[in-house]
Protein chains: 2
Amino acid sequence: MNIAVDKRNFTVGPVQMPYAVREIGLQQVPYFRTGEFSGLMLENERLLLEMLYASAGTRVVSLTGSGTAGMEAAVMNTLNNHDKVLVVNGGGFGERFVDLCRLHSIPYEEIRLPFGRGLVEKDLAPYEGKGFTAFLVNYHETSTGVLYDMRLICDFCERNGCFLVVDAISSFLADPFYMGEWGVNVVVTGSQKAYAIPPGLSLVALDGIAQERVMRNTCRSMYFDFKAYLKDGERGQTPFTPAVGTLIQLNKRLLDIAEAGMESVLRRTAMLAGHFRKAIEAAGLPLTIASDSLSNAVTPLFVREGKDAYEVFKCLEREHGIWVCPNGGELKHKLFRVGHLGDLTEDDNNALVDALGQLYQAGKL
Amino acid sequence: MNIAVDKRNFTVGPVQMPYAVREIGLQQVPYFRTGEFSGLMLENERLLLEMLYASAGTRVVSLTGSGTAGMEAAVMNTLNNHDKVLVVNGGGFGERFVDLCRLHSIPYEEIRLPFGRGLVEKDLAPYEGKGFTAFLVNYHETSTGVLYDMRLICDFCERNGCFLVVDAISSFLADPFYMGEWGVNVVVTGSQKAYAIPPGLSLVALDGIAQERVMRNTCRSMYFDFKAYLKDGERGQTPFTPAVGTLIQLNKRLLDIAEAGMESVLRRTAMLAGHFRKAIEAAGLPLTIASDSLSNAVTPLFVREGKDAYEVFKCLEREHGIWVCPNGGELKHKLFRVGHLGDLTEDDNNALVDALGQLYQAGKL
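**Topic: the sheet that holds strand S14 (residues 325–326) of chain A**
Part 1 of the argument: Spatially, 4 strands are ordered S11-S12-S15-S14 (chain A) in an open sheet, and the strand pairing comes out antiparallel. Each having just a single partner strand, strand S11 (288–289) and S14 of chain A make up the two edges of the open sheet.

Right, here's the structure in full:
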């Protein structure tokens, strides 16, 4: 079946890949139980830990699966029913952490935030000194576009002795992240976001304390058991056949990012996001940015009363060859999101703003 | 890091991909929450069910993960602690099913087979009428190259009312498989075998009875819960971001296989395997085929006493640009395997036989 692959892609993933990554997709996928592939895996781990500003002894698990696989594996491997977990639930992905705790019988309480609002001091106050042992948060709640204040969270975790697990799937390489300095114990990332490689891979970083938790815990899944990944990873291997091709693409991206420098990579995404936000304002489009705490990764946009956000997505797809990211659930018809990840340029932004202008003229926005 | 990808690849996966598949790897990975991608997924399901000769109402779950992820998900979703499971354990992958039953507290007994031997009537006799409710088997035990007699197994399951789960990861599209006629309830397959697409995807087919088991069971994993996959699959979607690019490559392959016809695809692999087996015999190489019940997928070969199979693998890789498949564990130095899956030709076979001839001359074989 023929399927369009060449639209301008402003979704939050899969995102547009640089040519150097796609070129690897044209190659054969090599056999992987070799010294050469082990070397590549160890290089991936080293580069990734540098980019996370991780503390010494931190390790990376390469899990073949979606970001949710990484989130679930992190929960199953590092938490158990002796924990008392505090979860920030400000949208679909916070809710996912809540669901994972419930499913795996891990005691938890949740901080439910109003739509689009960041976390503030008073949200945490009621939970101070209440014996919480762990904290789960999505650095960037991708469903609503809210970026949480990590400094606030880290301070809370330090004061309360909480083990800290962060889903940084849609924000890593888009927003500054300092795993070591912030005392984050587990970070979950996903290949189809700012890595700009195909979906199907979740990279999970575990500091020394997290590794101790993994070793003490019983993980009731063979595929998700980090013990085996950490052991085989010492020699650059995985317990099961991984997405070998995607790992080679990851290597290329990490080398390119290292060469460009993290500051430059973050600055580029921040500039692209800033450019788009200014452009829609300058164009006088009737769109409202839906959060007071934005990530560089995404701009969440409300349409006017009486207009249909999902119809905007459909029109852009059908008539303009552009994908923005629709929302699911209650917000489906009110909100759409514009991503700034992957191989996008200011020209792409301009094309999108032009197309939105045409929809506005046509009374669809 | 530069990594060789262009050796002749006779491993059991990842295998060599046709150019038409690789070409898709060069493209952008499109956004997938669209009607177009749903259509592709539904076409994949329809084509795959035709190739499995599945009975009406059978469904396919597309799980992003390795073959082991598919095996574990199949066990977690369709079996529970009220079952009494019989497992055929003739090697590493039979052992994996045993480990999965133990890990998930599913009562089981195992039939341990001597190395390299197929399953025969008398192996099953002690288990007749003993109240077994389910049967787990690897159609092809990839670690040793043994193909089991499915007719024998299906008859046993029919007589004993056993629910039948088959790992056909390395044999599907290489050996004849008749899911409906054989009364197989669950079939697990993997993308990097005869599908000849990149690793990272496990396709699991579930007949009506299997779907009922899924619906009744509590699956203690969000990522592996087939209920959500079956529900979202009705409209051609998945609960979590799948390996979109690999699913598009799968679509291309399934269409090409459908056009060529299953008989022709199976015949090609059988001929390639037959050609190789005759060629090593004709060359008078001191290699012994290690099984009396061969799959078309693989030829397992013992080296002579005093020679080192792992060294043969290393020499072929280093000096001849050829990958064969080494074994792990006890057999590492005694056995290597030659795969016949993927985009291989008789010329490739000849190149391998020549290289083995040179190793023989040099005293390394």
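Picking up where we left off.
**Some thoughts on helix H3 (residues 67–78) of chain A**
All names here are of chain A.
Part 1 of the argument: Between its first and last C-alpha, H3 extends 17 Å over 12 residues, near the 16 Å set by a 1.5 Å rise per residue.
Part 2 of the argument: With 12 of its 12 residues buried, H3 lies for the most part within the structure.
Part 3 of the argument: Inspection of H3 places Gly67, Thr68, Ala69, Gly70, Met71, Glu72, Ala73, Ala74, Val75, Met76, Asn77 and Thr78 among the buried residues, and these make up the whole buried set.
Part 4 of the argument: At the N-terminal end of H3, a side-chain oxygen is found 3.1 Å from the backbone nitrogen of Thr68, two or three residues along, and the residue is Ser66.

**Quick look at the pairing of strand S15 (residues 335–339) of chain A**
Residue and element names in this part refer to chain A.
Part 1 of the argument: Most of S15 sits inside the fold, with 5 of its 5 residues counted as buried.
Part 2 of the argument: The side-chain alternation of S15 yields two buried faces, one formed by Leu335, Arg337 and Gly339 and the other by Phe336 and Val338.
Part 3 of the argument: With 5 bridges joining them, strand S12 (residues 298–302) and S15 adopt antiparallel strand pairing. For Thr299, the partnering residue across the bridge sits in S15 and is Val338.
Part 4 of the argument: Pairing analysis gives 2 bridges linking S14 to S15, with the strands arranged antiparallel. Within S15, the residue paired with Cys325 across the bridge is Arg337.

**Here's the deal with the packing of helix H1 (residues 19–26) of chain B against helix H10 (residues 244–260) of chain B**
Residue and element names in this part refer to chain B.
Part 1 of the argument: Their axes nearest at 9 Å, the elements H1 and H10 cross at an angle of 155°. Taken as axis vectors, H1 and H10 run roughly antiparallel relative to one another. Once H1 is placed against H10, the crossing between them reads as right-handed. Along its contact with H1, which presents Ala20, Val21, Arg22, Ile24 and Gly25, the element H10 presents Gly245, Ile248, Gln249, Lys252 and Arg253.
Part 2 of the argument: Tallied by class, residues from the contact of H1 with H10 come to 4 nonpolar, 3 polar and 3 charged.

**So, the sheet that holds strand S12 (residues 298–302) of chain B**
To summarise the sheet geometry, strands pair through backbone hydrogen bonds and adopt either a parallel or an antiparallel arrangement.
Residues and elements named next belong to chain B.
Part 1 of the argument: Here 4 strands make up an open sheet; going across it, the order is S11-S12-S15-S14 and the pairing antiparallel. Single-partner strands in this sheet number two, and they are strand S11 (288–289) and strand S14 (325–326).
Part 2 of the argument: This element, helix H11 (residues 262–282), spans S11, S12 and strand S15 (335–339) of the sheet and lies at about 25° to S12.

**Focus: the relation of the copies chain A and chain B**
Part 1 of the argument: Once chain A is rotated about the relating axis by 180° and shifted along it by 0.0 Å, it coincides with chain B to within an RMSD of 0.0 Å. Taken together, these values place the two copies in the relation of a two-fold axis. Taking C-alpha positions as reference, the residue of chain A nearest the rotation axis is Gly25(A), located at 2.0 Å.
Part 2 of the argument: Most of the interface of chain A is mirrored in chain B, where 100% of its interface residues again form contacts.

**Quick look at the nonpolar core**
Part 1 of the argument: Counting 192 residues, the largest nonpolar core has Phe135(A) and Phe135(B) as its most contacted members.
Part 2 of the argument: Contacts of Phe135(A), omitting those with residues within four sequence positions, involve Val85(A), Leu86(A), Val88(A), Leu124(A), Ile153(A), Phe156(A), Cys157(A), Cys162(A), Phe163(A), Leu164(A) and Val165(A).
Part 3 of the argument: By size, the runner-up hydrophobic cluster in this structure holds 70 residues, among which are Val87(A), Leu230(A), Leu63(B) and Leu136(B).

**Looking at the pairing of S12(B)**
Residue and element names in this part refer to chain B.
Part 1 of the argument: The element S12 is extensively covered by neighbouring structure, given that 4 of its 5 residues are classed as buried.
Part 2 of the argument: Bridge count for S11 against S12 is 2 bridges, and the pairing is antiparallel. Bridging across to S12, Thr288 finds its partner in Phe302.

Here is what the cut-offs are and how they apply
- Residues numbered from 1 in each chain as written.
- Chains lettered and ligands numbered in written order.
- Predicted model: local features only at pLDDT ≥ 70, side-chain atom pairs only at ≥ 80, totals over all residues.
- Heavy atoms only, no water.
- Pairing = 2+ DSSP bridges.
- Helix = DSSP H or I, 4+ residues; strand = E, 2+ residues; numbered from the N terminus.
- Expected span 1.5 Å × (residues − 1).
- Buried < 20%, exposed > 50% of the residue type's maximum accessible area, 1.4 Å probe, protein only.
- Polar contact = N/O pair within 3.5 Å; in protein donor to acceptor, adjacent residues only side chain to side chain.
- Axes fitted to C-alpha atoms, helices over the stretch in contact; angles between N-to-C directions.
- Parallel < 35°, antiparallel > 145°, perpendicular 65-115°, else oblique.
- Left-handed = near helix turned anticlockwise from the far one by under 90°.
- Contact = heavy atoms within 4.5 Å.
- Nonpolar A, V, L, I, M, F, W, Y, C, P; charged D, E, K, R; others polar.
- Least-squares fit on C-alpha atoms with pLDDT ≥ 70 in both.
- Core = buried A, V, L, I, M, F, W, Y, C linked by side-chain atoms within 4.5 Å.

In short, shape yes, function no, at least from these values alone.
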